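Each chain is listed here by its residues.
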Amino acid sequence: MQETVTAKLLDHPRNAWYVAAWDHEVGRKKILARTVAGRPLALYRTEDGRAVALADACWHRLAPLSQGALVGPEDIRCPYHGITYDARGRCTSMPAQETINPSALVPSFPVVDRYRYVWVWVGDPALADPALIPDMHQMTDAAWTGDGLTIHAPCNYQLILDNLMDLTHEEFVHSSSIGQKELSESEFVTSHTDTTVTVERWMHDIEAPPFWLKNMRDKFPGFEGRVDRWQIIHFEAPSTICIDVGVAKAGTGAPEGDRSQGVNGYVMNTITPETARSSHYFWSFQRNYRLDSQLITTQLREGVHGVFGEDEAMLAAQQAAIDANPDYEFYSLNIDAGGMWVRRILERMLLAEGRDHAPAPRRGAQLVR
Amino acid sequence: MAVSRTEVWQGGTIVASRPLTPEIRRIEIEVDDPVPVSPGAHVDVRLTIAGERDRRSYSIVDATADGRRIALSVYTSPVSRGGAAVMNALAPGDRLEITQPLNDFPLRPGAPRYVLIAGGVGITAMVGMAASLRARGADYRLLYAGRSRPLMAYVDDLREAHGERLRLHVRDENTSLVISDLVDAIEPGTEVYVCGPIRLMDAIRREWMTRNRPIADLRMETFGNSGWFDAQEFTVRIPATGIEARVRPNQSMLEALEAAGADMMWDCRKGECGLCEVRVSRLSGDIDHRDVFYSERQKDARSKMCCCVSRVVAPADGAAVVEIVTS
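Residues numbered from 1 in each chain as written. Chains lettered and ligands numbered in written order. Predicted model: local features only at pLDDT ≥ 70, side-chain atom pairs only at ≥ 80, totals over all residues.

(A) Representation of the overall build of chain A. When helices and strands are counted, chain A shows six helices and 18 strands. Relative to a compact globule of 369 residues, whose C-alpha radius of gyration would be 21 Å, chain A shows 23 Å and is just as compact. Projecting the C-alpha coordinates of chain A onto the three principal axes gives extents of approximately 80 × 70 × 35 Å. The 369 residues of chain A split such that 44% are buried. Nonlocal contacts in chain A, meaning residues at least 24 apart in sequence, comprise 58% of its contacts between residues at least 6 apart. (Helix = DSSP H or I, 4+ residues; strand = E, 2+ residues; numbered from the N terminus. Rg over C-alpha atoms; globule rule 2.2 N^0.38 Å. Buried ≥ 20, exposed ≤ 12 C-beta atoms within 10 Å, placed from the backbone. Contact = placed C-beta atoms within 7 Å.)

(B) Quick look at the packing of helix α1 (residues 157-165) of chain A against helix α6 (residues 337-352) of chain A. All names here are of chain A. Where α1 meets α6, the closest approach of the two axes is 8 Å, and the angle between their N-to-C directions is 140°. Pair α1 / α6 crosses with right-handed handedness. The residues of α6 that touch α1, namely those facing Q158, L161, D162 and M165, are G338, G339, V342 and R343. A per-class count over the contact of α1 with α6 returns three nonpolar, three polar and two charged. (Axes fitted to C-alpha atoms, helices over the stretch in contact; angles between N-to-C directions. Left-handed = near helix turned anticlockwise from the far one by under 90°. Nonpolar A, V, L, I, M, F, W, Y, C, P; charged D, E, K, R; others polar.)

(C) Summary view of the pairing of strand β13 (residues 243-247) of chain B. As judged from the five bridges shared by strand β12 (residues 234-238) of chain B and β13 of chain B, these two strands associate in the antiparallel manner. In the sheet register, F234 of chain B faces β13 of chain B, and the bridge partner there is V247 of chain B. (Pairing = 2+ DSSP bridges.)

(D) Examining the interface of chain B and chain A more closely. Facing 23 residues of chain B, the contacting portion of chain A comprises 19 residues. In the side of chain B that touches chain A, the residues fall into 12 nonpolar, five polar and six charged.

(E) Layout of the domain arrangement of chain A. All names here are of chain A. Taken domain by domain, chain A comprises domain 1 (26-122) and domain 2 (136-352). Put simply, the middle of domain 1 and the middle of domain 2, counted by C-alpha atoms, are 35 Å apart. Facing seven residues of domain 1, the contacting portion of domain 2 comprises nine residues. By residue class, the composition of the side of domain 1 that touches domain 2 is four nonpolar, two polar and one charged. (Domains from an automatic or database assignment.)

(F) Examining the nonpolar core more closely. Residue and element names in this part refer to chain A. Membership of the largest hydrophobic core comes to 94 residues, with the highest contact counts inside it found for L43, V118 and V120. Mapped onto the domain boundaries, this core takes at least three residues apiece from domain 1 (26-122) and domain 2 (136-352). Leaving out residues up to four positions away in the same chain, V118 has contacts with V19, A20, A21, D23, V26, L43, A51, V111 and D113. (Core = buried A, V, L, I, M, F, W, Y, C linked by C-beta atoms within 7 Å.)

(G) Focus on the pairing of strand β15 (residues 226-236) of chain A. Residue and element names in this part refer to chain A. Buried residues dominate β15, accounting for eight of its 11 residues. Relative to β15, strand β14 (residues 196-207) is paired through 10 bridges, and the arrangement is antiparallel. Paired with T198 across the strands is H234, a residue of β15. Across 10 bridges, β15 lies against strand β16 (residues 240-249) in antiparallel orientation. Paired with R229 across the bridge in β16 is V247.

(H) Here's a closer look at helix α5 (residues 294-324) of chain A. In a regular helix each residue adds 1.5 Å, so 31 residues correspond to 45 Å; α5 of chain A covers 44 Å between its end C-alpha atoms and thus fits that length. Elements in contact with the buried residues of α5 of chain A: β12 (145-153), α1, α2 (170-173) and β18 (278-287) of chain A. (Expected span 1.5 Å × (residues − 1).)

(I) How the structure looks around the domain arrangement of chain B. Residue and element names in this part refer to chain B. Split into domains, chain B comes out as domain 1 (9-99), domain 2 (114-221) and domain 3 (234-325). Computed from C-alpha atoms alone, the centre-to-centre distance between domain 1 and domain 2 is 24 Å. In this complex, domain 1 contributes 13 residues to the contact, which on the side of domain 2 involves 11 residues. Taken together, the elements giving at least two residues each to the side of domain 1 that touches domain 2 come down to β4 (52-63) and β5 (69-75). Taken together, the residues that form the side of domain 1 that touches domain 2 break down as seven nonpolar, four polar and two charged.

(J) How the structure looks around unusual backbone geometry. Cis geometry marks the peptide bond from A237 of chain A to P238 of chain A; its omega dihedral reads 0°. Summarising the element assignment, P238 of chain A is placed in the loop between β15 and β16. Positive phi, close to 55°, is recorded for D205 of chain A, a residue that is not glycine. Positive phi is not limited to glycine here, since N174 of chain B has a value of about 60°.

(K) Examining the sheet that holds strand β8 (residues 140-146) of chain B more closely. All names here are of chain B. Strands sit in the order β9-β8-β7-β10-β11 across an open sheet of five strands; the sheet is parallel. The open sheet has two edge strands, β9 (166-170) and β11 (218-221), and neither has a second partner. Neighbour to neighbour, the strand axes of the sheet diverge by 15° on average, direction disregarded. Judged from the six bridges that link them, strand β7 (residues 114-119) and β8 form a sheet pairing that is parallel. Each residue of the ladder has a partner; that of V115, found in β8, is R141. With respect to the sheet, helix α3 (residues 155-162) is in contact with β8 and β9, its orientation differing from that of β9 by roughly 150°.

(L) Fine view of the confidence of the model for chain A. For chain A, per-residue confidence averages 92 on the pLDDT scale, and residues scoring 70 or more make up 95% of the total. Here residues 358-369 of chain A is a poorly scored stretch, pLDDT under 50, and it has nine contacts once near neighbours within four places are set aside; other chains count. (pLDDT = per-residue confidence, 0-100.)

(M) Just the sheet that holds strand β4 (residues 51-55) of chain A, in detail. All names here are of chain A. Pairing is antiparallel in the open sheet, where four strands are placed in the order β2-β3-β4-β9. On the outer flanks of this sheet lie β2 (32-36) and β9 (108-109), each paired with one strand and no other. Taken together, the two bridges between β4 and β9 define a ladder with antiparallel strand orientation. Bridge pairing in β9 places L54 opposite S108.

Written as structure tokens, this is what we have:
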């Protein structure tokens, strides 16, 4: 079916919601300049708090509006010649003339504030249905708490999706915190729909690695003993991955659904392609126990920040190696099943947008001599 | 927002051509490198007119979902500069050079209400917008003004698609648009899109501005071939350089000056940007301002004109002559 080799530099769908920023990054004190899916944006809020995403280039001579100023209840003023635009990107004044050129406007992109993020749609605005925003309800649901940060990752977004869809790497990249040999010894089950992929892995009756032992002791002071550990990876197109993670006292029924003797977290990840070789990686670690403890929130955020720093270094090194070896192709392993379904979904989205990459011979084709 | 201003040229094949009215012909083209068409888009085509390479812009009336087959409608004006005749002569199987869709007039989703106003062949820009609004379940009205019913293209199709949302204003049926009443009836927050002759657009803009309505709510697409008067021949002189040119009815003043050897500045060539402005030092007759660059006050002053579209009309008792100072 797929007559292509595994893309090393996957293009990104444009008809999709991507996170442009944390909600607190977009305001009126300064205009945020950020490139989303290849599109440079100027992001700010109107006086009544609505988030606005305009193309970061004035209609006139393409000066960056993000270096301009906010004027009036909703307008932005170009820093160069003072042309102003409203929140829809329509010109509201021009210098040195009494009329406004009727074609003067900068593109304005649909924006939604949801799950503590500002989501932007850079594709066909007629298709921008807020119902298509991936489910990240643990970010704002009262039953959960947590916090996160942003990584500016110097790699194609697909490499980050690959990283999160196969957690076998934890054993090698994160050996001091969450890695353990049972990760690569345990089986996993992959399933998918048209827009989602799930990879579920259980490790029964194992030693809790340091990160999880600390979390168990936050809920069960003085905890000692073995645990059942789970990782259930939920991908939702195009680039959101929420991972249900946790451990429970071994044999207390967590695999059957009773997690009361354990601790549960959700690693919320949503990846926004910036350029072909860079990405904004927004993450948060949410938990559903000890909701009152800001100390635990901060400890978890800093702990995961350290863990993800190891990923970031690996992803940067991988992208550099990919670029340094343009004549070598990717090969796949069985552990890539989740990531390969993600690619299949993304390639179909690209195809639907008429943007499939040039077909190349499938590597599995038999050689004829 | 679906704004596209980057020209990508491609080939196209004429697949159908038929008259809709005595003045308007529908031409369907299959393009080589299709991309989906957004409402408000147009294409530019390269034509050879009287031996000279030239280009013309036409709104896309409708298109297949993949954008492979697009339909244009070509209006033959009494003072056509020759493009319509070349387009009308195209037959199925003929090839032409055509851009991928360009869009200076994008339809913005999400407004609480829309009013689309088309005058004459300006309907070509509105057919796609109205279809898009209908498909989206938007609250919209389509007002279509024309001289007489047999000259108005697409009326039956539009009535079928839009029912009571379509309102016709036909001059020879005494149902012409009354612009002041129209603007008064438009509720705040409504987005208004207009495509039609300059008289219609000027009138709407004037009523809009006198009521202090937000200028950003009024969107207009111009096409630089209509004025307050019929085009007539006139003379233009540049005393500083001694250049004199006769401007034929089917030629712009800018074209005539260029042909006479004047080194002219210009950009949009459709009366929007103001770069082709010339100062009027002497005038016999009156100026037929056909641009949207100047305000009413500036037009009334008769001291400057956009020579890419605006013209001179003769006084009752003499010849039409303008002397100008160029940049």
